[in-house]
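# Residue-level structure breakdown
Listed here are the chains, written in short residue letters.
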Amino acid sequence: MNEVPRKTEQATRRQFLRRSVGGASLFGLGSATGLLGFPAQAEQAGTTGGGSGGRSLGKEYTYDVSKFFKTDPALIQYDETAKIATGLGELSAVAIGPEDRVLVAGDKAVRVFSKTGERTGEFMLDERPRCLAAAAKGNIFVGMKDHVEVFDASGARQARWNNAGGDALLTALAVAEKDVFVADAGNRVVLRYDLGGKLLGRIGKKNPDKHILGFIVPSPFLDLAVGADGVLWVVNPGRHRLEAYTFDGDLQSFWGEESLGVKGFCGCCNPIHFARLPDGRFVTSEKGLPRVKVYSAKGEFEGVVAGPELFPNQTANPNSTAAHGVCMDLAVDSAGRVLLADASTREVRVFARKK
Amino acid sequence: MLNGAMRGAFLFLLGAATTVLFRRSQAKRTVWQLDPYKCVQCNRCATECVLKPSAVKCVQVYPMCGYCKLCTGYFEPEPVSLDTGAENQLCPTGAIKRRALEDPYYEYTIDEPRCIGCAKCVKGCVLFGNGSFFLQVRHDRCVNCDECAIAIACPAQAFQRVPADKPYLMKDREHQA
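Residues numbered from 1 in each chain as written. Chains lettered and ligands numbered in written order. Predicted model: local features only at pLDDT ≥ 70, side-chain atom pairs only at ≥ 80, totals over all residues.

### Digging into the overall build of chain A
For the record, the criterion: Helical segments are the DSSP runs of H or I of at least four residues, strand segments are the runs of E of at least two, and each set is numbered from the N terminus. Here the C-beta atoms are placed from the backbone, and a residue counts as buried if at least 20 other C-beta atoms lie within 10 Å of its own, exposed if 12 or fewer do, and partly exposed otherwise.
Looking only at helices and strands, one finds four helices and 24 strands in chain A. Taken across its 355 residues, chain A has 43% of its residues classed as buried.

### Thoughts on the overall build of chain B
Spelled out, the test is: Residues are defined as contacting one another if the C-beta atoms placed from their backbone atoms lie within 7 Å.
Helix and strand counts for chain B come out as five helices and six strands. In sequence order, the secondary structure elements of chain B are arranged as α-β-α-β-β-β-α-β-α-β-α. Across chain B, the fraction of contacts at a sequence separation of at least 24, relative to all contacts at a separation of at least 6, is 75%.

### So, the sheet that holds strand S21 (residues 301–306) of chain A
Backbone-to-backbone hydrogen bonds join strands into a sheet, with any given pair of strands oriented parallel or antiparallel. All names here are of chain A. Applicable threshold: Strand pairing is defined by DSSP finding a minimum of two bridges between the two strands. Axis definition: a line fitted to C-alpha atoms, over the contacting stretch in the case of helices. Angles run 0 to 180 degrees between N-to-C directions.
What the four strands build is an open sheet, ordered S18-S19-S20-S21; its pairing is antiparallel. Where the open sheet ends on each side, the last strands, each with one partner, are strand S18 (273–276) and S21. Looking at each pair of strands side by side, their axes are set apart by 25° on average, direction ignored. In terms of strand pairing, strand S20 (residues 291–295) meets S21 through four bridges, oriented antiparallel. When the sheet's bridge partners are listed, Val294 is paired in S21 with Gly303.

### Concerning helix H3 (residues 120–128) of chain B
Residues and elements named next belong to chain B. Burial runs high along H3: nine of the nine residues are buried. What H3 keeps buried is the set Lys120, Cys121, Val122, Lys123, Gly124, Cys125, Val126, Leu127 and Phe128. The elements touched by buried residues of H3 are strand S2 (56–60), strand S3 (96–100) and strand S5 (133–137).

### What about the environment of Gly186(A)?
Residue and element names in this part refer to chain A. Along the chain, Gly186 turns up in the loop between strand S11 (179–184) and strand S12 (189–194). Residue classification places Gly186 among the buried positions, given that 20 C-beta atoms sit within 10 Å. Note: C-alpha distance between Gly186 and Pro220 (34 residues apart in sequence) is 7.4 Å. Setting aside residues up to four positions removed in sequence, Gly186 forms contacts with Gly166, Asp167, Ala168 and Leu169.

### Considering the pairing of strand S13 (residues 199–203) of chain A
Residues and elements named next belong to chain A. Sheet topology places S12 next to S13; four bridges connect them, and they run antiparallel. Among the inter-strand pairings, Arg192 is bridged to a residue of S13, identified as Gly201. The loop that links S12 with its antiparallel partner S13 comprises four residues; one of these, Gly197, has a positive phi angle of about 95°.

### As for the sheet that holds strand S6 (residues 131–134) of chain A
All names here are of chain A. Read from one edge of the open sheet, four strands run S6-S7-S8-S9, paired in antiparallel fashion. Two strands bound the open sheet, and with one partner strand each, they are S6 and strand S9 (157–160). On average, each strand axis in the sheet is inclined to that of its neighbour by 20°, with strand direction left out of account. Bridge count between S6 and strand S7 (residues 140–143): four bridges; the pairing is antiparallel. Paired with Leu132 across the strands is Val142, a residue of S7.

### A word on the environment of Leu200(A)
For Leu200(A), the location among the structural elements is in strand S13. When the C-alpha atoms of Leu200(A) and Val180(A) are compared, they prove to be 9.7 Å apart, with 20 residues separating the residues in sequence.

### A short note on the pairing of strand S8 (residues 148–151) of chain A
Residue and element names in this part refer to chain A. Relative to S8, S7 is paired through four bridges, and the arrangement is antiparallel. Note on S8: the bridge partner recorded for Ile140 is Phe151. What sits between the antiparallel neighbours S7 and S8 is a turn of four residues. Hairpin connection between S8 and S9: a loop of five residues separates the two successive antiparallel strands, and Gly155 in this loop has a positive phi of roughly 100°.

### A look at the environment of Arg98(B)
Residue and element names in this part refer to chain B. Here Arg98 is to be found in strand S3. The exposure class of Arg98 is partly exposed, given the 17 C-beta atoms found within 10 Å. The spatial distance from the C-alpha of Arg98 to the C-alpha of Cys71 is 9.5 Å, given a sequence separation of 27 residues. Here Arg98 is in contact with Tyr74, Thr84, Tyr106 and Tyr108, once residues within four sequence places are set aside.

### Notes on the nonpolar core
Cut-off, in case you're wondering: By convention the nonpolar core is taken to be a set of buried residues drawn from Ala, Val, Leu, Ile, Met, Phe, Trp, Tyr and Cys and joined through C-beta atoms within 7 Å.
In this structure, Val104(A) and Val283(A) are the most contacted members of the largest nonpolar core, which totals 137 residues. Here the element with the most residues in this core is H3(B); it accounts for six residues. When near neighbours in sequence (up to four residues on either side) are disregarded, Val283(A) contacts Phe274(A), Ala275(A), Leu277(A), Val292(A), Val294(A), Val305(A), Leu330(A), Val332(A) and Val338(A).

### A word on unusual backbone geometry
In this model, Asn270(A) is joined to Pro271(A) through a cis peptide bond whose omega is -5°. Note that Pro271(A) resides in the loop between strand S17 (251–255) and S18. For the bond running from Asp103(B) to Pro104(B), omega is 5°, close enough to zero to count as cis. Following the sequence through the fold, Pro104(B) ends up in the loop between S3 and strand S4 (106–110). One non-glycine residue, Asp107(A), adopts positive backbone phi at about 50°. Position of Asp107(A) relative to the elements: it lies in the loop between strand S3 (102–106) and strand S4 (109–113).

### Digging into the confidence of the model for chain A
Our working rule: You can read pLDDT as the predictor saying how much it trusts each residue, on a scale of 0 to 100.
Summing up the model confidence of chain A, the mean pLDDT is 86 and the portion of residues at 70 or higher is 82%. Overall, residues 1–47 of chain A carries pLDDT values under 50, and its contacts beyond four positions in sequence, including any with other chains, amount to 53 contacts.

### Let's talk about the confidence of the model for chain B
Residue-level pLDDT values for chain B average 90, and 89% of them are 70 or greater. Both confidence scores are given for the complex: pTM 0.82, ipTM 0.79.

And the structure:
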């Protein structure tokens with residue numbers, strides 16, 4: 001389907017020429033020699049030159065979005081107040097546990113830090129974690145590629161839930177009083193489980209009768225959260241919006257718009273992560289144009305937590321970010337501090353509202 | 001008759017020897033290619049190649065593509081609307097074709113004769129999308145210079161010689177996950 005077929009076509013042509021040589025034909029030898037040389041040289045003979053000689057392309061050939069990488073200082077509402085060096089090679093997720101403990105998943109481990117950043121614990125996993133959540137009672141839910149594992153506060157494994165099936169790629173977890181919600185980016189659906197791991201339902205599948213358009217997930221990011229208001233919020237990244245669902249899967253409302261400008265969500269598919277502040281407002285993070293912003297509980301843009309200037313490792317080499325899954329997972333503690341898992345620095349970066 | 005048989009045998013042996021030599025030369029033969037993960041989309045592939053237009057073209061890896069309605073490799077950063085109007089298209093030569101599939105997905109295809117390898121679309125796709133657009137030296141036109149003018153100018157040292165029987169350095173989904 002892609003452009004590779006030409007390669008196959010070319011190989012076939014060469015095989016044909018090779019067979020001609022195998023027939024001990026001098027004509028074949030001549031053809032093979034021609035192949036060894038430059039197949040396109042003759043037809044292109046009149047169109048070769050000697051390089052650019054300093055020629056450059058016009059402005060219309062330049063992709064310039066530099067203005068969007070600068071943040072208006074008046075919009076920045078937060079200061080970076082701390083950094084927690086995780087010691088992990090590859091960060092996957094951050095979550096807040098009881099007493100504002102900071103849980104970080106990465107490599108094949110979950111590490112626990114106090115709210116002031118001292119490491120207080122660690123437990124190992126059998127495979128790479130993808131997402132993380134903690135229940136109020138201390139249980140820790142870890143999402144692997146295709147299933148969830150449950151650990152107690154000391155890191156002892158309590159359960160391993162059934163495989164989510166299909167092309168499962170679990171990317172987010174949220175724990176409510178009696179339910180656990182799991183975002184499955186691979187199958188573009190949210191799975192609702194009880195606390196024991198029994199599958200109760202699937203949320204977000206396209207359903208015109210219920211005005212549900214379905215999740216569009218071009219890259220492996222599908223986040224969700226349950227706020228204090230008991231509403232399930234899920235990012236629909238391809239539609240650049242957040243959608244509110246009842247636990248039974250009815251779409252209640254949505255907000256968000258596409259824009260490279262600071263008020264919207266940029267690129268093909270953003271935001272990649274979000275979290276709820278204690279008062280119901282939203283904190284979002286984006287890829288491509290790495291930035292963290294705050295929106296009101298109704299989805300109105302309020303300000304910037306961290307602009308692209310604070311992510312030089314990501315903006316310097318887009319090849320290493322974008323689709324390649326740079327982690328910008330977010331969590332919010334009881335004091336309203338924003339904790340960002342920055343995979344490019346392997347730190348949890350802590351932001352507090354300016355006084 | 002014996003003479004004819006000997007001549008036939010001689011030609012047969014000559015053919016066999018030629019085949020062996022040819023295969024050996026093929027095994028050692030290399031061609032130029034650029035590593036898409038090193039590419040910094042600097043435009044030089046379009047300006048430095050001895051061919052005009054360049055032998056470097058944008059290619060599309062469909063399994064990596066998000067089939068996005070808002071393709072950042074197709075649309076200007078701030079398009080007036082998400083349609084095929086020329087004012088909305090990123091490619092200065094109109095070398096990307098957009099076709100509606102099942103709502104809300106769209107297919108994007110490179111029209112190679114129009115592509116000059118400027119990488120403008122690649123930059124948009126890599127920066128904001130999945131990076132399914134990337135540059136490759138197309139060997140149906142590359143003249144395989146001993147010293148590739150683009151390789152010399154490439155600021156990312158993305159060019160290298162690769163075996164002629166594996167002439168492309170493709171991206172893949174696993175690399176992104």
